[in-house]
Amino acid sequence: MSTRNIKVSTKNESYNVIIGLNMISELGDEIKKLGLPGKAFIVIDKALFPDPAREIQESLEKNNYETKLLNIEIDESKKNIDTVNVIYEWLESSKMERSDFIISVGGGVTGDLVGFVASTWVRGVNLIHVPSTLIAMVDSSIGGKTGYNTKNGKNLVGAFYQPKLVFQDINFLKTLPEREISAGWAELLKHSLIYDKKLFDHFYQNHTDIKNLNNLNSIEAISKSVEIKAKIVSEDINEKDQKRILLNYGHTTGHALESITNYKKFLHGEAVSLGMMVAGNISFLMGLLSYDNLQMQKNILEKYFLPTSISEELNINTIIDLTKNDKKSKSGKINWILLEDIGKPVIRNDVPEEIIIRSLKSIFV
Ligand SMILES: NC(=O)c1ccc[n+]([C@@H]2O[C@H](COP(=O)([O-])OP(=O)(O)OC[C@H]3O[C@@H](n4cnc5c(N)ncnc54)[C@H](O)[C@@H]3O)[C@@H](O)[C@H]2O)c1
Ligand SMILES: [Zn+2]
């Protein structure tokens with residue numbers, strides 16, 4: 001089956017994102033083509049051990065790369081300096097040199113941690129991302145943001161560090177738990193809602209095929225979404241202008257919902273789905289988005305098994321306070337990413353509090 005190749009170009013460097021199905025055995029060939037010297041240091045999420053870890057090693061060894069492998073147990077609570085140290089110590093004891101390279105295999109947590117390690121180990125070594133979750137494929141592996149959490153702050157320590165290659169085999173997604181995969185679709189649907197009506201229609205019409213993860217329709221859906229992220233980070237690599245801010249659609253409320261529930265109730269994508277419903281409602285109440293389009297957004301989220309309402313009542317005043325503290329809001333004024341149409345976003349900082357309250361209430365049933 002065909003693969004897609006998408007280029008990410010930053011000011012100083014560029015790299016390819018290769019997307020396909022059942023092509024992990026070609027990873028070594030692609031790295032060879034880049035001409036990377038040295039040994040391969042593979043850091044892999046334990047969930048992917050022993051398969052496909054073994055296939056990755058074989059693919060590299062076939063290309064005469066010596067490999068070393070470290071598997072680590074991963075979840076958000078492990079995204080900290082202790083895990084960074086575990087990796088540093090392993091690199092030290094296995095005598096990694098500046099001419100060697102690191103391959104990160106896993107979800108967003110693995111990619112962010114290992115990317116950070118690669119950016120700092122001997123002041124930077126070559127890095128390859130092999131993302132294994134939807135979030136990692138369409139979001140965290142592209143754009144070079146790396147980092148880890150401090151005791152109370154998410155992603156407070158980090159660096160921008162671009163990989164030499166991002167290699168995405170959709171087959172990896174088949175072992176992801178159902179809930180993780182649904183939550184992942186939220187970010188892809190978000191891309192279509194803010195940037196691409198045609199992609200939205202593709203997600204809508206071919207949802208059964210896309211969710212099956214074994215055909216051209218799924219490759220198309222994921223690679224279009226990668227293309228959007230790649231284009232945005234290529235134009236605006238340091239998060240300075242508005243284009244990248246648009247990716248925050250659904251996140252203002254989403255982050256607040258995650259925070260008020262101590263990151264325990266919702267997966268990120270679930271919170272973003274609810275956040276998109278709030279932003280959609282605000283858009284409707286501000287007279288920007290039609291009711292039909294708001295319903296379309298609700299329908300598509302439900303087709304991908306994402307929540308559009310919750311039964312538990314959460315404190316609306318606390319949610320509003322949390323949105324004001326969001327790092328993307330300026331001096332307490334919330335920059336709301338809203339929709340005028342599907343694929344047509346707009347940023348507004350003049351949403352009346354009464355509309356925010358009504359929209360928040362609309363997700364509680
Ligand atoms: N750098 C960025 O630009 C960026 C963007 C978005 C998100 N992020 C970060 O990404 C993280 C979330 O990413 P995530 O959802 O991928 O989390 P994750 O890495 O924790 O993966 C989710 C779960 O799935 C498991 N897993 C991973 N791949 C699997 C597979 N193929 N089969 C079975 N299980 C598998 C993991 O062990 C984990 O339990 C957050 O820390 C977030 O801050 C970073
Ligand atoms: Zn997100």
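Numbering of residues starts from 1 in each chain and follows the order in which that chain's sequence is written. Each chain takes a letter, starting from A, and each ligand takes a number, starting from 1, following the order in which they are written. Reporting in this predicted model follows two pLDDT cut-offs: at least 70 for local features of residues, and 80 or more for side-chain atom pairs to be given and counted; totals over whole chains, interfaces and linings ignore these cut-offs and use all residues.

(A) Structural view of the nonpolar core. Any set of buried Ala, Val, Leu, Ile, Met, Phe, Trp, Tyr and Cys residues joined through C-beta atoms within 7 Å is what this text calls a nonpolar core. Counts of 20 or more other C-beta atoms within 10 Å of a residue's own C-beta define buried residues, counts of 12 or fewer define exposed ones, and intermediate counts define partly exposed ones; C-beta atoms are placed from the backbone. Membership of the largest hydrophobic core comes to 101 residues, with the highest contact counts inside it found for Ile102, Leu189 and Val226. Throughout, the edges of the domains are those of an automatic or database domain assignment. Residues lining this core come from more than one domain, with at least three contributed by each of domain 1 (4–176) and domain 2 (186–361). Our contact criterion uses C-beta atoms placed from the backbone: two residues qualify when those atoms are within 7 Å. Leave out the neighbours within four places in its chain, and leucine 189 touches Phe203, Ile300, Leu301 and Tyr304.

(B) A look at the domain arrangement of the protein chain. Domain parsing of the protein chain yields domain 1 (4–176) and domain 2 (186–361). Computed from C-alpha coordinates alone, the two centres of domain 1 and domain 2 are separated by 28 Å. Between domain 1 and domain 2, the residue contacts involve 21 residues of the former and 18 residues of the latter. Think of it this way: any DSSP run of H or I at least four residues long counts as a helix, any run of E at least two long counts as a strand, and we number them from the N terminus. Listing elements by their share of the side of domain 1 that touches domain 2, those giving two or more residues are β1 (4–9), β2 (14–20) and α5 (134–140). Here the side of domain 1 that touches domain 2 gets five residues from one element, more than from any other, and that element is α5. Gly is put with the polar residues, along with every residue not named as nonpolar or charged; the nonpolar set is Ala, Val, Leu, Ile, Met, Phe, Trp, Tyr, Cys and Pro, and the charged set is Asp, Glu, Lys and Arg. Its residues assigned to classes, the side of domain 1 that touches domain 2 shows 13 nonpolar, four polar and four charged.

(C) A look at the pairing of strand β10 (residues 336–341). By the bridge criterion, five bridges tie β10 to strand β11 (residues 344–348) in an arrangement that is antiparallel. Of the residues in β11, the one forming a bridge with aspartate 341 is lysine 344. Any two strands are treated as partners once DSSP identifies two or more bridges connecting them. Turn length for the β10-β11 hairpin, with the two strands adjacent in sequence and antiparallel, is two residues, and the turn residue glycine 343 shows positive phi of about 90 degrees.

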